[in-house]
Amino acid sequence: MAALLLAGQPSAFAQEVEAETSAPFTISMLETVRTRGYVICAATNPLPGFAQISPEGLWSGFDVDLCRAVAAAIFGDPSRVEFRPLSGQSRFAHLAMGEVDLVVRNSPWTMSRDTQYGATYVATSFFDGQAFMVPDRLGVVSAYELEEVTICVASNSDSARRLDEFFFFNQLGYEELLYEDREDLAVAYRSGECDTITGSASWLQAIRRTMPEPGSHAILPERLSKEPYGPVVRSDDAQWAAIVRRTLYALINAEEYGVTSVNIESMMSARTPAIRRLLGVEDDVGSDLGLRATWMRDVIRSVGNYGEIYSRHFGAAAGAQLLRGQNALWLNGGLMYAPPVY
């Protein structure tokens, strides 16, 4: 009889989970940001292509535009954001203390970072990984063509270990040129002391953009590691995490649907339901987040879709093109994929 009675009653844990999942979003982050009047976004500085400050004090970059997209989602105005450069050592501490609203910088998504700092990675905005950069004079287009080359790599690092594994498995010969500091690696490569340099593709891209002739160097397509980057928020506010996540997804879906900052007005008359929901023409997909119905339209109009942002900072016009690769849409063989707008 006791067993039957217990079977008919949910456990205390089940009741607690039900209460948490059925409870409305907390209002702390969204109301705090709205009351303040702007978003505080932490980024790295400098990392050319991702975040940098001009001599006039103006921020620009791929990560910077993601922060502006969040501001556009909340206020309809991408300029209502304050940027703060954070070092690698303090990136999560400032977030935990509430000094910044979100972190968008080159911090790879790992299990420990997702579980130990009270932080949550909401989604992947850039798929990175260890790569090789080579000068055009080598005449190679793939890492599998690297044979008997000298490679600059950080000593006592995961990069050095993965480098050794790659050449061992592929039975290729190479010589290491080890440096303790990453800046020394860049100097050595620029001076021609090594044939190629290895590190995360985002870091190699930053080095390439500072070279006299960035177009004469190529980042090879192969990746030796997985290093997904994305916006990070505190773990105590599901609504805020959903807003940041869905802002990124809006950018990706807009590219998939062919909606750009240029054609957005004409796309308002499209009959495709997904596009009409994206632009707030039919169905209110903002109220559940605490946002207005046109918030995704405002985001796209302000910063463009994902492809526009990528092209702006990594395209040919940026001076050092970085091929989309894994960051291409799933329709084009990449990994960029967003849930539909329902």
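The following paragraphs examine the structure supplied in this document.

Criteria and thresholds
- Residues numbered from 1 in each chain as written.
- Predicted model: local features only at pLDDT ≥ 70, side-chain atom pairs only at ≥ 80, totals over all residues.
- Heavy atoms only, no water.
- Pairing = 2+ DSSP bridges.
- Helix = DSSP H or I, 4+ residues; strand = E, 2+ residues; numbered from the N terminus.
- Axes fitted to C-alpha atoms, helices over the stretch in contact; angles between N-to-C directions.
- Contact = heavy atoms within 4.5 Å.
- Phe/Tyr/Trp six-rings, centres within 6.5 Å; stacked < 30°, edge-to-face > 60°.
- Buried < 20%, exposed > 50% of the residue type's maximum accessible area, 1.4 Å probe, protein only.

A few words now on the sheet that holds strand E11 (residues 196-200). Taken together, the five strands give an open sheet; going across it, the order is E10-E9-E11-E8-E12, and neighbouring strands pair in mixed fashion. If you trace the sheet from one side to the other, it starts and ends with strand E10 (174-179) and strand E12 (217-219), each paired once. With strand direction ignored, the average angle separating the axes of adjacent strands in the sheet is 30°. Alignment of strand E8 (residues 130-135) against E11, held across four bridges, turns out to be antiparallel. Bridge pairing in E11 links Gln130 to Ser200. Here helix H9 (residues 201-209) sits on the sheet and contacts E8, E11 and E12; the angle it forms with E11, its principal contact strand, is near 130°.

Let's shift gears to the packing of aromatic side chains. For the coordinates displayed, the defined rule picks out 23 aromatic pairs. Aromatic side chains Phe50 and Phe62 sit 6.1 Å apart centroid to centroid with 75° between the ring planes, which places their arrangement in the edge-to-face category. Taken together, the residues span a long stretch of sequence, with Phe50 in the loop between strand E1 (39-43) and strand E2 (52-53) and Phe62 in helix H4 (residues 62-75) at a distance of twelve residues. Owing to a relative accessible area of 1%, Phe50 belongs among the buried residues under this scheme.

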